Amino acid sequence: MVARRLLLMLVATLLSVPVAAETAYKCTAANGRVSYQDAPCPARAKQQAITLAAPGPAAPPPPDTAAPAPPPVAVTMPMAAPPPAAPLPMLYRCQKATDGSLYTSANGQPAPYAVPFGVLGAASQPLGSVYGLGGAGASAPELNRGKVTPGLVANNYVWVRDACRPLDARETCEALQQQYDENEHKLQQAFQSEQAPFVKREAELEAQLANCASH
């Protein structure tokens, strides 16, 4: 048992030193004591050479079996959803009773208003010619009923109302686009503290114009 333990200690020692020593010696003394060493035995001892196999190259480390890290996922920010389409508003093309100029309005029944008779440019014409078929305003006798005062008569004021007609879908889209362009110009010119109503109006017009793609 002691000899085996010595052999194991010798082998462990030889493995811890450089690979150059590949031969061990078993020495048996005259009294029968056995020892192991890496140098030849004394002359009086019985010697037995033991060849040790040179250690092979170190085993490579085991492959990394861990699952590879997944590639980074590109985070795509969702695009802002377009505003929902809004129905086209009812718009009217109106003609001013005073000068015949045109304008767009959301009200097809504008309130009557008093103007000097001379503003109509028809002082030399009878009222029937001014407010009859083809006139720019509504019937003057109908509008003036109950509203004639001494002041109006003295200053030749009459009540008139602009004439309006509804726009079709194509004309409505053209009017909305014009309003959008005008609002954008005002938005760009406004100070930051004044932009809120223009931004709100921009969103309203964009929602309405979304229905104009087919017109």
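This structure is a prediction, so every number in the text was calculated from the model and none was measured. Sequence order as written defines residue numbering, which begins from 1 separately in each chain. Selection of residues for local features in this predicted model requires a pLDDT of at least 70, selection of side-chain atom pairs for listing and counting requires 80 or more, and totals for whole chains, interfaces and linings are taken over all residues. Derived side-chain values reflect all non-hydrogen atoms in the structure, with water molecules and hydrogen atoms excluded from consideration.

J.: Can you walk me through the pattern of salt bridges in this structure?
T.: Oppositely charged side chains are able to pair whenever their charged atoms sit close together. Salt bridge, as applied in this entry: a Lys or Arg side-chain nitrogen positioned within 4 Å of an Asp or Glu carboxyl oxygen. This structure, assessed with the given rule, holds three salt bridges. Arginine 165 is the salt-bridge partner of glutamate 171, the closest N and O atoms lying 3.1 Å from each other. Three exposure classes are used, based on accessible area relative to the maximum for each residue type with a 1.4 Å probe and protein chains only: buried under 20%, partly exposed in between, and exposed over 50%. Look at glutamate 171 and you get buried, because its relative accessible area is 15%. Overall, arginine 165 belongs to the partly exposed group, its relative accessible area being 39%.

J.: Just checking my understanding: could you explain the pairing of strand E2 (residues 34–37) for this structure?
T.: On a regular strand, one side chain projects to one face of the sheet and the next to the other, so that they alternate. In this scheme, strands are said to pair when DSSP sees at least two bridges between them. Only DSSP runs of H or I with at least four residues qualify as helices, and only runs of E with at least two residues qualify as strands; both kinds are numbered from the N terminus onward. As paired elements, strand E1 (residues 23–28) and E2 share four bridges and run antiparallel to each other. Among the inter-strand pairings, lysine 26 is bridged to a residue of E2, identified as tyrosine 36. Connecting E1 to the antiparallel partner E2 that follows it, the hairpin turn spans five residues, and glycine 32 within it adopts a positive phi of roughly 90 degrees.

J.: In this structure, what is going on with the sheet that holds strand E8 (residues 163–166)? I would like to understand it.
T.: Whether parallel or antiparallel, the strands of a sheet pair through hydrogen bonds between backbone atoms. Taken together, the three strands give an open sheet; going across it, the order is E5-E4-E8, and neighbouring strands pair in antiparallel fashion. At either end of the open sheet lies a strand with only one pairing partner, and these are strand E5 (102–105) and E8. Looking at each pair of strands side by side, their axes are set apart by 30 degrees on average, direction ignored. Relative to E5, strand E4 (residues 92–95) runs antiparallel, the two being bridged by four bridges. Bridging across to E5, tyrosine 92 finds its partner in serine 105. All axes here are fitted lines through C-alpha atoms, helices being fitted over the stretch that makes contact, and every angle between N-to-C directions spans 0 to 180 degrees.

J.: Help me out: how do you make sense of the nonpolar core in this one?
T.: It is characteristic of soluble globular proteins that their nonpolar side chains tend to be buried jointly. Think of a nonpolar core as a cluster: buried Ala, Val, Leu, Ile, Met, Phe, Trp, Tyr and Cys residues, connected wherever their side-chain atoms sit within 4.5 Å. Leu91, Leu167, Cys173, Ala175, Leu176, Tyr180, Leu205, Leu209 and Cys212 form the largest nonpolar core, which has nine residues in total. Only helix H5 (169–189) and helix H6 (196–209) provide two or more residues apiece to this core. By size, the runner-up hydrophobic cluster in this structure holds five residues, among which are Ala97, Phe117, Val158 and Val160.

J.: Looking at this structure, I do not really get the state of the cysteines. What am I missing?
T.: A disulfide bridge is the covalent bond that connects two cysteines by way of their sulfur atoms. Any pair of cysteine sulfurs within 2.5 Å is marked as a disulfide. With the rule as written, the count across this model stands at three disulfides. Note on cysteine connectivity: cysteine 27 is disulfide-linked to cysteine 41, with sulfurs 1.7 Å apart. Between cysteine 27 and cysteine 41, the S-S dihedral sits near -90 degrees, and the bridge is therefore left-handed. One end of the pair, cysteine 27, is in strand E1; the other, cysteine 41, is in the loop between E2 and strand E3 (46–51), with 14 residues separating them in the sequence. Each sulfur in the disulfide pair cysteine 94 and cysteine 164 lies 2.0 Å from the other. Every disulfide takes its handedness from the sign of the S-S torsion; for cysteine 94 and cysteine 164 that torsion is 110 degrees, giving right-handed. Within this pair, whereas cysteine 94 is found in strand E4, its partner cysteine 164 is found in strand E8, the two being separated by 70 residues in sequence. With a relative accessible area of 25%, cysteine 164 lands in the partly exposed category.

J.: I keep staring at the environment of glutamine 95 and nothing clicks. Help me out?
T.: Examined against the element boundaries, glutamine 95 turns out to sit in strand E4. For glutamine 95, a relative accessible area of 31% corresponds to the partly exposed category. Along the chain, glutamine 95 and aspartate 162 lie 67 residues apart, while their C-alpha atoms are 5.6 Å from each other. Within polar-contact distance, the side chain of glutamine 95 engages the backbone oxygen of glycine 100 at 3.2 Å. Any pair of nitrogen or oxygen atoms within 3.5 Å is treated as a polar contact; in protein, a donor-acceptor pairing is required on top of that, and neighbouring residues in sequence qualify only through side-chain atoms on both sides.

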